[in-house]
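# Coordinate analysis (summary)
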Amino acid sequence: MRTVRHSEHRLKTALISKNPALVSQYEKLDAGEKCLMDEAFRPNSDLFGPITLHSQSDWITSHPEAPQDFEEFFNDPYRKTPSPQKHSIYIQCIGLLGNTRSISEEYVKWLKGYCEAFFYGLTVKLLEPVPVSATRCSFRINDNTQNLQIHAGQILKFLKKKKPEDAFCVVGITMIDLYPRDSWNFVFGQASLTDGVDGPRVSRTE
């Protein structure tokens with residue numbers, strides 16, 4: 001087991017850019033936003049807390065990736081940006097998120113509020129929940145867990161068809177296990193950068 005912890009210098013290098021377009025944005029931050037940025041640079045801040053890696057099978061250890069700072073993200077030619085015509089995030093629930101409809105509605109209410117805070121300035125809207133059968137996607141019973149699993153890629157196709165005209169993206173949420181292809185045991189989620197569909201996302205315990 002080991003812990004990944006970032007220094008203040010590394011956090012500032014990753015989050016702050018000398019790109020003139022971004023510098024002008026920093027200068028427009030109000031007092032509260034500047035306070036939040038300062039908080040992000042502190043190594044002991046809750047915003048970027050240490051990450052504990054429990055074993056070699058943890059994602060960060062088993063799937064090494066090159067780091068990406070904010071400027072690289074900002075300059076990514078494939079990065080989608082909202083526009084006056086496409087400024088809404090839509091959430092599509094697939095199946096119940098809890099044991100009852102009222103519990104599901106509480107989960108969705110919390111998720112909507114989180115998205116509104118995290119993606120500040122965008123409108124978050126809820127699509128009418130649908131049962132899994134409405135997606136007409138493939139499914140299987142996992143040989144190891146005996147859990148029902150639905151095909152994540154086919155869910156993306158379903159979400160693309162449901163995407164409203166003013167949508168920046170549509171996010172599918174389900175509590176049912178997922179798999180992307182027959183050779184995979186499971187997947188936590190899947191997204192399409194070109195179609196503006198993200199999901200489904202799933203809470204998974206084994």
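Residues numbered from 1 in each chain as written. Predicted model: local features only at pLDDT ≥ 70, side-chain atom pairs only at ≥ 80, totals over all residues. Heavy atoms only, no water.

## What about the overall build of the protein chain?
When helices and strands are tallied, the protein chain shows seven helices and ten strands. Based on the C-alpha atoms only, the size of the protein chain along its principal axes is roughly 50 × 45 × 35 Å. When the 206 residues of the protein chain are sorted by exposure, 30% land in the buried category. Taking contacts inside the protein chain between residues at least 6 apart in sequence as the whole, the part at least 24 apart equals 69%. Counting every atom, the protein chain has about 14,100 Å² of accessible surface; 56% of that belongs to carbon and sulfur. Across the protein chain, the centroid of the 25 positively charged side chains sits 4 Å from that of the 25 negatively charged ones. (Helix = DSSP H or I, 4+ residues; strand = E, 2+ residues; numbered from the N terminus. Buried < 20%, exposed > 50% of the residue type's maximum accessible area, 1.4 Å probe, protein only. Contact = heavy atoms within 4.5 Å. Areas by Shrake-Rupley, 256 points an atom, 1.4 Å probe, with all protein chains shown as cover. Lys, Arg positive; Asp, Glu negative; His and termini not counted. Charge placed at Lys NZ, Arg CZ, Asp CG, Glu CD.)

## Brief notes about the pattern of salt bridges
One pass over the full model with this rule turns up four salt bridges. Between glutamate 39 and arginine 42 there is a salt bridge whose closest N-O contact spans 2.8 Å. Judged by relative accessible area, which is 28%, glutamate 39 ranks as partly exposed. Residue arginine 42 is classed as partly exposed on the basis of its relative accessible area of 41%. (Salt bridge = Lys/Arg side-chain N within 4 Å of Asp/Glu carboxyl O.)

## Description of a nonpolar patch on the surface
Taken together, the side chains of Trp110, Tyr114, Phe118 and Phe119 define a hydrophobic patch exposed on the protein surface, amounting to about 510 Å² of accessible area. Along the chain, phenylalanine 118 falls in helix H6 (residues 101-118). (Patch = residues over 30% accessible without salt bridge, like charges linked within 9 Å, V, L, I, M, F, W, Y side chains within 5 Å.)

## A short note on the sheet that holds strand S5 (residues 139-141)
Spatial ordering of the open sheet is given by S5-S6-S8, a layout of three strands whose pairing is mixed. Looking at strand neighbours, the two that pair on one side only are S5 and strand S8 (177-179), the edges of this open sheet. When strand polarity is set aside, the average angle formed by the axes of neighbouring strands in this sheet is 35°. Relative to strand S6 (residues 148-151), S5 runs antiparallel, the two sharing three bridges. Following the sheet pairing, arginine 140 is matched in S6 by glutamine 149. Lying on the sheet, helix H7 (residues 152-162) is in contact with S6 and S8; it crosses S6 at an angle near 55°. (Pairing = 2+ DSSP bridges. Axes fitted to C-alpha atoms, helices over the stretch in contact; angles between N-to-C directions.)

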